[in-house]
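Secondary and tertiary structure notes
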Amino acid sequence: MASRTTRAALTTLGVVGAAGAGAAAWGIGVERFLFTVRRHTLPLLPAGSTPVRVLHVSDAHMAPWQHRKQEWMAGLAALEPDLVVNTGDNLGHAAGLAGIQHAFDPLRGVPGVFVHGSNDLSAPSPRNPLRYFTGPSRSKPREVPLDTAALDAYLRDGLGWLDLNNAAGSIDVAGARIDAFGVSDAHRGWERLDGLPAALQALPNRSEALLTLGVTHAPYRHVLDAYSELGADMMFAGHTHGGQVRIPGSPAALVANCDIPLDQARGLSAWTHDGRNIPLNVSAGIGHSIFAPVRFGCRPEVSLITLTARS
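Reference entry: report on the structure contained in this document.

Quick notes on the rules
Going along each chain's sequence as written, the residues are numbered from 1 onward. This being a predicted model, a pLDDT of at least 70 is required before a residue's local features are given, and a value of 80 or more before pairs of side-chain atoms are given or counted; all residues contribute to the totals for chains, interfaces and linings. The basis for every side-chain value is the complete set of heavy atoms in the structure, and neither hydrogens nor water enter the calculation. For the purposes of this entry, the term helix denotes a DSSP run of H or I that reaches at least four residues, the term strand denotes a run of E that reaches at least two, and both are numbered from the N terminus. For every residue, the accessible area (1.4 Å probe, protein chains only) is compared with the maximum for its type, and the residue is labelled buried under 20%, exposed over 50%, or partly exposed between those bounds. Contacts between residues were defined by any pair of non-hydrogen atoms, one from each residue, lying within 4.5 Å. Whether two strands pair depends on DSSP finding at least two bridges between them. Between N-to-C directions, angles cover 0 to 180 degrees, with each direction set by a line fitted to C-alpha atoms, over the stretch in contact for helices. Here the term right-handed applies to a crossover when the path leading from its first strand over the helix to its second strand runs clockwise, the strands being oriented away from the viewer. Ring geometry is summarised as follows: Phe, Tyr and Trp rings, the Trp one being its six-membered ring, pair when their centres sit within 6.5 Å, and such pairs are stacked at plane angles under 30 degrees, edge-to-face over 60 and tilted between the two. Every case where a carboxyl oxygen of Asp or Glu lies within 4 Å of a side-chain nitrogen of Lys or Arg is listed as a salt bridge.

Let us look at the overall build of the protein. When helices and strands are counted, the protein shows six helices and 12 strands. A total of 311 residues make up the protein; the buried ones form 49% of that total. Long-range pairs, those at least 24 residues apart, make up 74% of the contacts in the protein with a sequence separation of at least 6.

Have a look at this one:
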């Protein structure tokens, strides 16, 4: 009997091991290259408005050797967006800027906005991925600074995108005015929410805006609640990677690396606060840390959201 039990246990272990090895091979060798465009249509604009196509990009974590990702991102201009929302973590390596330039150059001339994630300021560092299951990471490893000034100069001056790091501004999108505000990475405590009301009030003729967007890298609850109180009509975030490793078919992520509900860690949902239900799009992102090169049940993605007139 003992030998049968032992054989059964060994068989079970072998099956589990083979399944684990197969999943790892898929996640590392295949799925992280299955770049996807998630498409949504959202009736958000005033009646009679012309549709606005919003391309939401996030978490490229670009390294210089990632040519497949660079080429796919360069092809996004074919989607003909009216507005690009970039929710940060563009860089994943000290030499990643050239790859970002190759990826975004075809979008030159398309209005855009951006905020920082921590990996726009410092390079990623090795860490134990199992620690993410214990809650949002708060460790501060030795940091290698990135050339944030060069990145911002490219996004702001080269592409003409609006810097929303603890700031607000207005942009012309398809002949209509859109107001937007944002903060720097709340995961690192860089958000300055108390300065946003004055920044918004300083914008002239606020009533002329078609809508107001709130943009953040990390979708912490206190940030989203504050955005609701500031009158955001829609909110955009990244950071979560959608969990990066998910149980296929599950509606919720296993982890989010912040305090957002796990069933809102990826995709389009509604954020409810003080009686308001505000559309929130959390991008699972295009990339991953170079120290965790895997995607499973969570393809790399961008979102194309077509905002249409309310009936």
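Looking now at the sheet that holds strand β2 (residues 52-57). Taken in spatial order, the six strands make up an open sheet running β1-β12-β2-β3-β4-β5, and their pairing is mixed. Each edge of the open sheet is held by one strand with a lone partner, namely β1 (36-45) and β5 (162-163). Bridge count for β2 against strand β3 (residues 83-86) is four bridges, and the pairing is parallel. Considered in β3, the bridge of His56 is made with Val85. Strands β3, β4 (112-114) and β5 of the sheet are contacted by helix α4 (residues 148-158), whose axis makes an angle of about 160° with β4.

What you see with strand β9 (residues 234-237) is no split at all: Met234 and Phe236 on one side and Met235 and Ala237 on the other are buried throughout. Summarising the sheet, strand β8 (residues 211-215) and β9 pair through three bridges and their orientation is parallel. Residue pairing across strands places Val215 opposite Phe236, the latter belonging to β9. What joins β8 to β9 is helix α6 (residues 221-229), and the crossover it makes is right-handed.

A sheet is described by the order of its strands in space; here six strands give the open sequence β6-β7-β8-β9-β11-β10, paired in mixed fashion. What marks the edges here is a single partner per strand, and that holds for β6 (167-173) and β10 (267-273). Each strand axis lies, on average, 30° off the axis of its neighbour in the sheet, ignoring direction. Sheet analysis places β6 next to strand β7 (residues 176-182), joined by seven bridges and oriented antiparallel. Following the sheet pairing, Ala168 is matched in β7 by Phe181. Packing of α6 onto the sheet brings it into contact with β7, β8, β9, β10 and β11 (276-282), and relative to β10 it is tilted by some 70°.

Turning our eyes to something else, we now look at the packing of aromatic side chains. In this structure the tally under the stated criterion is three aromatic pairs. An angle of 25° between the planes, with centres 5.2 Å apart, marks the rings of Phe35 and Trp72 as stacked. Within this pair, whereas Phe35 is found in the loop between α1 (2-29) and β1, its partner Trp72 is found in helix α2 (residues 67-74), the two being separated by 37 residues in sequence. Phe35 gets classed as buried once you look at its relative accessible area, which sits at 16%. Overall, Trp72 belongs to the partly exposed group, its relative accessible area being 21%.

What follows covers the pattern of salt bridges. A full pass over the atoms with the stated rule returns five salt bridges. One salt bridge connects Asp179 with Arg177, and the closest N-O pair in it is separated by 2.8 Å. Judged on exposure class, the residue Asp179 and its partner Arg177 are both buried. When salt bridges with common partners are traced through the structure, they connect Arg177, Asp179 and Arg206 into a single cluster.

This part takes up unusual backbone geometry. Across the chain, the bulk of peptide bonds are trans and the bulk of non-glycine residues have phi less than zero. Positive phi is not limited to glycine here, since Ala174 has a value of about 50°. Following the sequence through the fold, Ala174 ends up in the loop between β6 and β7. A relative accessible area of 53% means that Ala174 is categorised as exposed. Phi at His241 takes a positive value of approximately 60°, unusual for a residue other than glycine. For His241, the location among the structural elements is in the loop between β9 and β10.

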